[in-house]
Amino acid sequence: QKEVEQDPGPLSVPEGAIVSLNCTYSNSAFQYFMWYRQYSRKGPELLMYTYSSGNKEDGRFTAQVDKSSKYISLFIRDSQPSDSATYLCAMRGQGNLIFGKGTKLSVKP
Amino acid sequence: KAGVTQTPRYLIKTRGQQVTLSCSPISGHRSVSWYQQTPGQGLQFLFEYFSETQRNKGNFPGRFSGRQFSNSRSEMNVSTLELGDSALYLCASRPTSGSETQYFGPGTRLLVL
């Protein structure tokens, strides 16, 4: 079992839809959870960072961490065509950052 | 502030050759990490340098090496290239080794023929 599992998609939604992206993990030592967005031919950029459990909101983006279920989510409200990108979850305990393989999202106008 | 820059952006090599990739971090950032990104394995951590010292290393063979200079610029070297080394190599910088916010460069796309 891989440490971090992420559905690769692709995921296609109409503009204005609510998008839900998810990752599961197996290592209960993970405490730091992040979501990165990667546009084509670019490096990843940090979207959201959460320490331990709970929710965090930033504009149209909400990150949720459920440590009891070893499950993290990123919600995008009122999705826009400019949100079309690959979204990578990442997490770590005391060691290196472990990334999911990414979910490719396409938001159609 | 200028972002993380990586050179070259694209590279084609043949099996058995070696390659050196360069990364200039954001001004003032002292930590530089390197990652390999492939469709099959995703983004995998190679190593991290802080103040010219390797702080952390991922699970890659010894053919992959790196170094950091006193101005925080970093180089990554891959010797005896294999076809499986074809990937996007990403560099990320952060202010200190303990900071969770790291900034990625655009990457160097390496193709090994």
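Everything here concerns the structure above.
One structure accompanies this document, and this report is about it. These figures come from a predicted structure and were not determined experimentally.

**Describing the overall build of chain B**
Along chain B, the regular secondary structure elements total zero helices and eleven strands. Expected size for 113 residues packed as a compact globule is a radius of gyration near 13 Å; at 13 Å, chain B falls within 12% of this value. Across its three principal directions, the C-alpha atoms of chain B cover 35 × 25 × 25 Å. Per-residue burial for chain B yields a buried fraction of 50% across its 113 residues. Long-range pairs, those at least 24 residues apart, make up 54% of the contacts in chain B between residues at least 6 apart in sequence. Looking at chain B as shown, the accessible area adds up to about 5300 Å², and 49% of this sits on carbon and sulfur atoms. Computed over 12 positive and 6 negative side-chain charges, the separation of the two mean positions in chain B equals 4 Å.

**Re the environment of Tyr71(A)**
Residues and elements named next belong to chain A. Mapped onto the elements, Tyr71 comes out in strand S8 (residues 71–76). Given a relative accessible area of 34%, Tyr71 falls into the partly exposed group. Between the C-alpha atoms of Tyr71 and Glu5, which are 66 residues apart in sequence, the distance is 9.7 Å. Once residues lying within four places of it in the same chain are set aside, the contact partners of Tyr71 are Asn22, Cys23, Thr24, Tyr25, Gln64, Val65 and Asp66.

**Overview of the pairing of strand S5 (residues 42–50) of chain B**
Within a regular strand, side chains alternate between the sheet's two faces. Residue and element names in this part refer to chain B. Counting buried positions along S5 yields eight of nine residues, so the element is predominantly enclosed. Pairing of strand S4 (residues 31–38) with S5, which is carried by eight bridges, proceeds in the antiparallel orientation. Looking at the pairing, Tyr35 lines up with Phe45 of S5. Bridge count between S5 and strand S6 (residues 53–57): four bridges; the pairing is antiparallel. Looking at S6, one finds that Tyr49 is bridged to Gln54. Hairpin connection of S5 to S6: two residues between the antiparallel strands, including Ser51 at a positive phi of 50 degrees.

**Digging into the sheet that holds S8(A)**
All names here are of chain A. Ordered in space as S1-S3-S8-S7-S6, the five strands form an open sheet in which the pairing is antiparallel. In this open sheet, the two edge strands, each paired with only one partner strand, are strand S1 (4–6) and strand S6 (54–58). Looking at each pair of strands side by side, their axes are set apart by 15 degrees on average, direction ignored.

**Remarks on the environment of Asn55(A)**
Residue and element names in this part refer to chain A. Among the structural elements, Asn55 can be located in strand S6. Taking relative accessible area as the criterion, Asn55 reaches 57% and is therefore assigned exposed. Taking the C-alpha atoms as reference, Asn55 lies 16 Å from Ala90; in sequence the two are 35 residues apart. Setting aside residues up to four positions removed in sequence, Asn55 forms contacts with Ala63 and Gln64.

**Here we look at the state of the cysteines**
Summed over all chains, the structure comprises two disulfides over all chains. Across the disulfide from Cys23(A) sits Cys89(A); the S-S distance is 2.0 Å. On the sign convention where negative means left-handed, the S-S torsion of about -100 degrees between Cys23(A) and Cys89(A) marks this disulfide as left-handed. Of this pair, Cys23(A) sits in strand S3 (residues 19–25) while Cys89(A) sits in strand S9 (residues 85–92), and the two are 66 residues apart along the sequence. In this structure, Cys23(A) and Cys89(A) share a single accessibility class: buried. Note on cysteine connectivity: Cys23(B) is disulfide-linked to Cys91(B), with sulfurs 1.7 Å apart. When the S-S torsion is -50 degrees, as for the bridge of Cys23(B) with Cys91(B), the disulfide is left-handed. Here the residue Cys23(B) occupies a position in strand S3 (residues 19–24), and Cys91(B) occupies one in strand S9 (residues 87–94), the gap between them amounting to 68 residues. Just as Cys23(B) is buried, Cys91(B) falls in that class too.

What counts as what
- Residues numbered from 1 in each chain as written.
- Chains lettered and ligands numbered in written order.
- Predicted model: local features only at pLDDT ≥ 70, side-chain atom pairs only at ≥ 80, totals over all residues.
- Heavy atoms only, no water.
- Helix = DSSP H or I, 4+ residues; strand = E, 2+ residues; numbered from the N terminus.
- Rg over C-alpha atoms; globule rule 2.2 N^0.38 Å.
- Buried < 20%, exposed > 50% of the residue type's maximum accessible area, 1.4 Å probe, protein only.
- Contact = heavy atoms within 4.5 Å.
- Areas by Shrake-Rupley, 256 points an atom, 1.4 Å probe, with all protein chains shown as cover.
- Lys, Arg positive; Asp, Glu negative; His and termini not counted.
- Charge placed at Lys NZ, Arg CZ, Asp CG, Glu CD.
- Pairing = 2+ DSSP bridges.
- Axes fitted to C-alpha atoms, helices over the stretch in contact; angles between N-to-C directions.
- Disulfide = S-S within 2.5 Å.

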